[in-house]
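Geometric and topological summary
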Amino acid sequence: MADVVAPMVGKVIEILVKEGDEVEENQEVVMLEAMKMEMPVVAEAAGKVTAVKVTEGQSVEADDVLVIIG
Amino acid sequence: MSDFITRLESVVSQTGFMNLMWEHPVMWVVGLVFVYLGIKKNVEPLLLVPIGFTAVLVNLPLAPLMVDELGQVVDLVTGQHSDPGLLWYFYHYGFEKGEIVPCLIFLGLGAMTDFGPLLSNPKTLLLGAAAQVGVYSAMFGALLIGFTPKEAACIGIIGGADGPTTIYTTLQLAPHLLGATALAAYSYMALVPIVQPPVIRALTTEEERGRVMKQTRKVSKAERIVFPIAVAIVVILLVPPAAPLIGLLMLGNLFRESGVVERLSDAAQNSLMNIVTIFLGLGVGATMDGTKFLQPKVIAIYVLGLFAFVCSTAGGVLFAKFFNLFLKDKINPVIGAAGVSAVPMAARVAHQIGQQANRRNYLLMHAMGPNVAGVIGTIIAAGLFIAMLK
């Protein structure tokens, strides 16, 4: 069980996984934009995506949960 | 009839063609290279497009654009001096007198800058100071190869990677170098993603670059409001000549953080910023008259500017490593490189290098601390130079 959290304030511009997907460690799950720079947020561990907590275009704060991987 | 021929001759002799010198077409090429870089390569287009085109305009002989108050262009028929040129007004009132244009740019930058990352980790202020080492090393380099102390100071400031500060310092100390120092500063700022990474990689290990830093603390609104006021007062008391730059930078930041003057903050960041950017392009481009601009000095300025950038990057990284000897929560030395101002490009470069070494390393906000500190550091360095040399 590992939550993928936002590493900094920013805007979700693309969600790269959906519920039920199997992801590997370090796989990109969300594309975040901060200070006009796109950055991929990666999964900390392998597992199955149990929930996606954000929508594309949504603004997030640091530490907000983006995706839950079970 | 002979009168007619005389007049015809004088019309012909008054065309630009008859008055071309070799420097003029060379400057058309220089100006158009900047326009090309702006349009095709997206290198600082907001600055290079207007500067480059204006540089072409001022190198069309006899065009009454940069004629100064003394009216250097003389009408060959009537023998009268012409009125001051259009671009001369922009240069004279926007730059020469009171340096209004670079200071207004700082107002906008203040409104755009979030000092939060610096406040949440004040240690990074020292990294911003360390990265000024390039300013001083380039200055000594310039002195060694024969520039005057005033010129050397302006060349050093290029290493601070801050366009308006470079322009301001040059106007104060060596206005004849304005075109060259401004263009060198803006070119290297655009080249930050190319110049910095090899320097950073050479000085750090993969493990250091991949080091994840602790989340920084949240910064309260009160801190954000007190900061610009306190910095303005302290810095101006310490280095009075820095007052115009730091004063407007911090006023812009107070607009932003106060939360009650949204309209002023918006105007400073957007509409006013766009307007002064046009004036900046016209004023800097106008100084690029080939007969004055094309000297071996200009090439030396470019080379020293690059040297300054490399030294600043190295200084920031090495200081961060030194600093780590005393710290429990180690910092990632890559963020030291963001201490050259170039906001936010240098911070983005630091982030990318960190993430290349470790996918789970997000340095952007950490790097913003030294990055914005670098702006203040460069202003202080400039203020010291002006205080010492003017």
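Preceding this section is the structure that the text describes.
Residues numbered from 1 in each chain as written. Chains lettered and ligands numbered in written order. Predicted model: local features only at pLDDT ≥ 70, side-chain atom pairs only at ≥ 80, totals over all residues.

A few words on the overall build of chain B. For chain B, the count of helices and strands is 21 helices and zero strands. Principal-axis analysis of the C-alpha atoms places the extent of chain B at approximately 95 × 45 × 40 Å. Counting contacts in chain B only where the partners sit at least 6 residues apart, residues at least 24 apart contribute 72% of the total. (Helix = DSSP H or I, 4+ residues; strand = E, 2+ residues; numbered from the N terminus. Contact = placed C-beta atoms within 7 Å.)

All right, on to the overall build of chain A then. A count of helical and extended segments in chain A gives zero helices and eight strands. For 70 residues, the compact-globule estimate of 2.2 N^0.38 gives 11 Å, and the C-alpha radius of gyration of chain A, at 11 Å, lies within 12% of that figure. Counting only contacts in chain A whose residues sit at least 6 apart along the sequence, the fraction spanning at least 24 positions is 56%. (Rg over C-alpha atoms; globule rule 2.2 N^0.38 Å.)

Turning next to the interface of chain B and chain A. Interface size is commonly expressed as the accessible surface area that is lost when the partners come together. At the junction of the two partners, chain B supplies ten residues and chain A supplies ten residues. Sort the elements by how many residues they give to the side of chain B that touches chain A and helix α20 (residues 345–357) of chain B lands first, with three residues.

Turning to the sheet that holds strand β1 (residues 2–5) of chain A, a few remarks are in order. Residue and element names in this part refer to chain A. Pairing within the open sheet is antiparallel, and its four strands lie in the order β1-β8-β6-β3. Of all the strands in the sheet, the pair left with one neighbour each is β1 and β3 (22–23). Of the pairings in the sheet, the one linking β1 to strand β8 (residues 65–69) comprises four bridges and is antiparallel in character. Of the residues in β8, the one forming a bridge with Ala2 is Ile69. (Pairing = 2+ DSSP bridges.)

With that settled, consider unusual backbone geometry. Omega for the peptide link from Val343 of chain B to Pro344 of chain B comes to -10°, which places this bond in the cis form. Position of Pro344 of chain B among the secondary structure elements: in the loop between α19 (296–324) and α20. Positive phi values are uncommon outside glycine, yet Asn26 of chain A reaches one of about 70°. Positionally, Asn26 of chain A belongs in the loop between β3 and β4 (28–34). When the 14 C-beta atoms within 10 Å are taken as the criterion, Asn26 of chain A is described as partly exposed. Phi at Lys36 of chain A is positive, roughly 60°, even though this residue is not glycine. Checked against the element boundaries, Lys36 of chain A lands in the loop between β4 and β5 (37–42). (Buried ≥ 20, exposed ≤ 12 C-beta atoms within 10 Å, placed from the backbone.)

What follows deals with the sheet that holds strand β2 (residues 10–15) of chain A. Taken in spatial order, the four strands of this open sheet run β5-β4-β2-β7 (chain A), and their pairing is antiparallel. Lying at the two open borders of the sheet, with one neighbouring strand each, are β5 and β7 (59–60) of chain A.

For the rest of this paragraph, the subject is the packing of helix α8 (residues 133–144) of chain B against helix α9 (residues 149–158) of chain B. Residues and elements named next belong to chain B. Orientation of α8 relative to α9, taken along the N-to-C sense of each, is 145°, at an axis distance of 7 Å. Remark: the crossing between α8 and α9 carries right-handed chirality. Each of Val135, Tyr136, Ala138, Met139, Ala142 and Leu143 in α8 lies in contact with α9, whose residues at this interface are Pro149, Glu151, Ala152, Ala153, Ile155, Gly156, Ile157 and Ile158. Here the residues of the contact of α8 with α9 sort into twelve nonpolar, one polar and one charged. (Axes fitted to C-alpha atoms, helices over the stretch in contact; angles between N-to-C directions. Left-handed = near helix turned anticlockwise from the far one by under 90°. Nonpolar A, V, L, I, M, F, W, Y, C, P; charged D, E, K, R; others polar.)

In this section: the environment of Asp68 of chain B. Summarising the element assignment, Asp68 of chain B is placed in the loop between α3 (45–57) and α4 (86–96). For Asp68 of chain B, the residues in contact, after removing those within four places along its chain, are Pro84 and Trp88 of chain B.

Turning our eyes to something else, we now look at the nonpolar core. Residue and element names in this part refer to chain B. Counting residues in each nonpolar core, the largest one holds 140 residues, and the members touching the most others are Ile155, Ala346 and Ala350. Here this core gets 14 residues from one element, more than from any other, and that element is helix α21 (residues 364–389). When neighbours within four sequence positions are excluded, Ala346 is seen to be in contact with Ala161, Val192, Gln196, Ala337, Ala338, Val340 and Asn371. (Core = buried A, V, L, I, M, F, W, Y, C linked by C-beta atoms within 7 Å.)

For strand β6 (residues 47–52) of chain A and β8 of chain A, the ladder comprises three bridges, and the chain directions are antiparallel. Looking at β8 of chain A, one finds that Ala51 of chain A is bridged to Ile68 of chain A.

Residue and element names in this part refer to chain A. Pairing of β4 with β5, which is carried by six bridges, proceeds in the antiparallel orientation. Among the inter-strand pairings, Leu32 is bridged to a residue of β5, identified as Met39. Linkage of β4 to β5, two consecutive antiparallel strands, is achieved through a turn of two residues, within which Met35 is found at a positive phi near 50°.

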